[in-house]
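# Structural description and commentary
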2 protein chains.
Amino acid sequence: MPASPIRKLVPYAEQAKKRGITVYHLNIGQPDIPTPQSMIDAMHTLDVKVIEYSHSAGILSCRQKMCDYYAKHNIHVSPEEIIIGAGASEAILFAVQTCLNPGDEIIIPEPFYANYNGFCISAGVKVKPIPSSIETGFALPPIEDFEKAITGKTKAIMICNPNNPTGYLYSKEELEVLRQIVKKYDLYLFADEVYREFCYDGTTHYSVMNLEGIEDNVVLFDSVSKRFSACGIRIGAMVSHNKEVMQTALKFAQARLSPPSLGQIAAEAAMDTPESYFKEVIEEYLARRNTVVEAMGKMKGVVCPTPKGAFYVTPSLPIDDSDKFCQWLLEDFNYENQTVMLAPATGFYATPGAGKTEVRISYVLNVENLRKAMECIDKALKVYPGRTA
Amino acid sequence: MPASPIRKLVPYAEQAKKRGITVYHLNIGQPDIPTPQSMIDAMHTLDVKVIEYSHSAGILSCRQKMCDYYAKHNIHVSPEEIIIGAGASEAILFAVQTCLNPGDEIIIPEPFYANYNGFCISAGVKVKPIPSSIETGFALPPIEDFEKAITGKTKAIMICNPNNPTGYLYSKEELEVLRQIVKKYDLYLFADEVYREFCYDGTTHYSVMNLEGIEDNVVLFDSVSKRFSACGIRIGAMVSHNKEVMQTALKFAQARLSPPSLGQIAAEAAMDTPESYFKEVIEEYLARRNTVVEAMGKMKGVVCPTPKGAFYVTPSLPIDDSDKFCQWLLEDFNYENQTVMLAPATGFYATPGAGKTEVRISYVLNVENLRKAMECIDKALKVYPGRTA
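All values derive from a computational prediction rather than experimental measurement.

What counts as what
Residues numbered from 1 in each chain as written. Chains lettered and ligands numbered in written order. Predicted model: local features only at pLDDT ≥ 70, side-chain atom pairs only at ≥ 80, totals over all residues. Heavy atoms only, no water. Pairing = 2+ DSSP bridges. Helix = DSSP H or I, 4+ residues; strand = E, 2+ residues; numbered from the N terminus. Axes fitted to C-alpha atoms, helices over the stretch in contact; angles between N-to-C directions. Contact = heavy atoms within 4.5 Å. Buried area = accessible area lost by both parts, 1.4 Å probe. Salt bridge = Lys/Arg side-chain N within 4 Å of Asp/Glu carboxyl O. Polar contact = N/O pair within 3.5 Å; in protein donor to acceptor, adjacent residues only side chain to side chain. Nonpolar A, V, L, I, M, F, W, Y, C, P; charged D, E, K, R; others polar. Buried < 20%, exposed > 50% of the residue type's maximum accessible area, 1.4 Å probe, protein only. Domains from an automatic or database assignment. Phe/Tyr/Trp six-rings, centres within 6.5 Å; stacked < 30°, edge-to-face > 60°. Least-squares fit on C-alpha atoms with pLDDT ≥ 70 in both.

## Describing the sheet that holds strand S4 (residues 126-131) of chain B
Residue and element names in this part refer to chain B. The strand order across the open sheet formed by 7 strands is S2-S8-S7-S6-S5-S3-S4, and the pairing between neighbours is mixed. In this open sheet, the two strands that pair with only one neighbour each are strand S2 (82-86) and S4. Neighbour to neighbour, the strand axes of the sheet diverge by 25° on average, direction disregarded. Here 5 bridges tie S2 to strand S8 (residues 235-239), and the two strands are oriented antiparallel to one another. From the neighbouring strand, Ala-86 faces S8, where its bridge partner is Ile-235.

Laid out in structure tokens, this is it:
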């Protein structure tokens, strides 16, 4: 498995810090938003003698709470249709192992979350990327592109909605296009919806679970960790109406015994988090997104869509090579003893050479620090030796 | 992936309980011993604003504490030689994915912990079992048997010491035999040592990490969860001096982002658990083992070795078929409204048809309940329609 472009940068970031330089981390999906107090309280009042294994599919009361949560989002499932995993990561791995055999193919619009590749490699599954374009703000590729990519070995299409790394929110119409392809070719539709709540500008999220006529094809991935800024609890879920899929996935879940119990106890407490929490959080992220998009829009040669969801944006910069640029930012550049760490978009493309002018920015810092970070990028683009505009 | 024989019994146990029958669970490795208070306290005093991802290899201070713990057991490693996993389960999966390719073979003396099979299937690796025998108390099979099983595709040998499901504790001499085979054929030696502390009758555990001349071949698996009766925290580890193996394994660890943070915080607190905790726990388990072995020894037609470690024993019973017997115990039998749930040993053998007269007993109940459970087995063997003695 190749090292990701972000990982390769870590030593350079460490060296920059050793030289006394402040590094703004826009490279990671670790929000700085406080974890809801209910989750911390659940640990403070933990009342057990033995921290036991849970059911392999997760603590029943936690799955029931998840069902209540989903019902609020117009997704109607029962606890048997949920398997809790150690993060969405494990849930995705279970689904890939369950629904695809080694040698099978999965179609994913690129850029896509780099670790999907890792899970597929683990299962011997081949990722077939089809390009989405910055010119459309990374909208769903046209139906013809999907049909061209489908072979006899294609078993699934995977999307992330809202998208990591682009922040793109798929419309109901785009999902309808996917529904038709999935139905026509009888494929699985995997959808990572961990950023469901993070939708801006009056948009709403439409879940694949509500696409009619493909109920048995759809597998949803979710993460409590991301939603509640509690990445460390490692609680995600695989959700599907397909009984056979859930039965097989449960065997993989049983092989690793149980998901983390403490995280599940915290997750269960989180489900009662009032809507006001999200309202505040979303306002904060919106302010952050606007800070980034506005600043980027003023930089010469930068193309930056205004994403409607998640907390990522993938602009195109006037640079020769995003891997080199991101390394240079850490190794050779600073502005008033500050610099930024960005994620080269090359890591989000499976097509060799793609994403060379793009970077992913995670807006997980407060507005003040984001402004400083944007100033660094602005100054950096003016002096970067490999600039192209 | 086939359903395990234990899982198949679960509905029968549930039905028995619905009929008002007390079921003594000797089928699982979930100890009833209290989790050390230090671990619960670590949650009660949790002092964080955001429950963040940890380093993909685990929180550094937790790995450092693990090093201190290992040093007390004469195992000398640095934090870079440890990757923390979601239980030993994940650590084993990382190692199989790292050290073996699809189609490669791994030799495991059987009976062995059933989930090893699952991890190997996940990685496309073939398990080649070689039989150990109840007649030697499940000692290491002779060296010739290993050499007969080795092919050009063999990449590793795996042991569990002390053993699940047999409780057998490998001697230093047996490990020396393994050392020679591993060196001669340049294989990996995987060793699951999660029951290290649980050694009885004055025996001591010898770790594969101290076998000389094969430092780069050895990969150790460990579990904080089992040791401290905190299975639900899902904290295990993969430990190796082999730098290349650890580098590759870290990439698999990075693909799933991080192990559970709350569990790691609890685990770190656990490392300071005083030796007196283990002394009490081991005395308790010893009393339990003796209860089981003595009771079994008095039953006609039963062969029951006296294992020196872990909390399992795998006796042979005078029965036609352990799967049928275990189901019958739940479905058709009760003694004074009580019965037992046992694990058919067939699930611990990869060789079809093997283990048909054996069951695994986990002595994870207190002595009083174990006595009642043994009485049930004694009565059951007298009336079981498929009895052979």
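## Re the interface of chain B and chain A
If you look at the interface, chain B gives 49 residues, while chain A gives 49 residues. Between chain B and chain A, the buried area comes to about 4100 Å², and carbon and sulfur atoms account for 59% of it. Seen at the junction of chain B and chain A, the total is 0 salt bridges. Applying the counting criterion to the chain B and chain A interface returns 22 residue pairs in polar contact (both at pLDDT 80 or more). At the level of secondary structure, the elements contributing two or more residues to the side of chain B that touches chain A comprise helix H2 (37-44), helix H4 (87-99), helix H5 (115-122), helix H9 (243-255) and helix H10 (261-270) of chain B. Per-class residue counts for the side of chain B that touches chain A are 25 nonpolar, 16 polar and 8 charged.

## Description of the sheet that holds strand S12 (residues 359-362) of chain A
Residue and element names in this part refer to chain A. Ordered in space as S9-S12-S11, the 3 strands form an open sheet in which the pairing is antiparallel. In this open sheet, the two strands that pair with only one neighbour each are strand S9 (312-313) and strand S11 (343-344). Summarising the sheet, S9 and S12 pair through 2 bridges and their orientation is antiparallel. For Val-313, the partnering residue across the bridge sits in S12 and is Ile-361.

## Considering the pairing of strand S5 (residues 154-160) of chain A
All names here are of chain A. Among the 7 residues that make up S5, 6 are buried, leaving the element largely enclosed by the rest of the structure. In this sheet, S5 lies alongside strand S3 (residues 105-110) in parallel orientation, the contact comprising 3 bridges. Paired with Ile-107 across the strands is Ile-157, a residue of S5. For S5 and strand S6 (residues 188-192), the ladder comprises 5 bridges, and the chain directions are parallel. The residue bridging Ala-156 from the neighbouring strand is Tyr-188, located in S6.

## Quick notes on the domain arrangement of chain A
All names here are of chain A. Under the domain assignment, chain A is made up of domain 1 (10-34 + 276-383) and domain 2 (38-270). Between domain 1 and domain 2, the residue contacts involve 32 residues of the former and 30 residues of the latter. One salt bridge connects Asp-201 with Lys-308, and the closest N-O pair in it is separated by 3.2 Å. On inspection of domain 1 and its partner domain 2, the count reaches 14 residue pairs in polar contact (both at pLDDT 80 or more). Those elements giving two or more residues to the side of domain 1 that touches domain 2 turn out to be helix H11 (275-297) and S9. Here the element with the most residues in the side of domain 1 that touches domain 2 is H11; it accounts for 7 residues. Taken together, the residues of the side of domain 1 that touches domain 2 break down into 21 nonpolar, 7 polar and 4 charged.

## Here we look at the packing of aromatic side chains
Residues and elements named next belong to chain A. Throughout the structure, instances matching the rule amount to 40 aromatic pairs over all chains. Taking the centre distance of 5.4 Å and the plane angle of 90° together, the rings of Phe-198 and Tyr-285 count as edge-to-face. Here Tyr-285 lies in helix H11 and Phe-198 lies in the loop between S6 and strand S7 (218-223), a separation of 87 residues in the sequence. For Phe-198, a relative accessible area of 1% corresponds to the buried category.

## Describing the relation of the copies chain B and chain A
If you rotate chain B by 180° and push it 0.0 Å along the axis, it lands on chain A with an RMSD of 0.0 Å. Interpreted geometrically, this transformation is the action of a two-fold axis. Scanning chain B for the C-alpha nearest the rotation axis identifies B:His44, at a separation of 1.9 Å. Comparing contact sets, 100% of the residues at the interface of chain B also lie at the interface in chain A, consistent with an isologous, same-surface contact.

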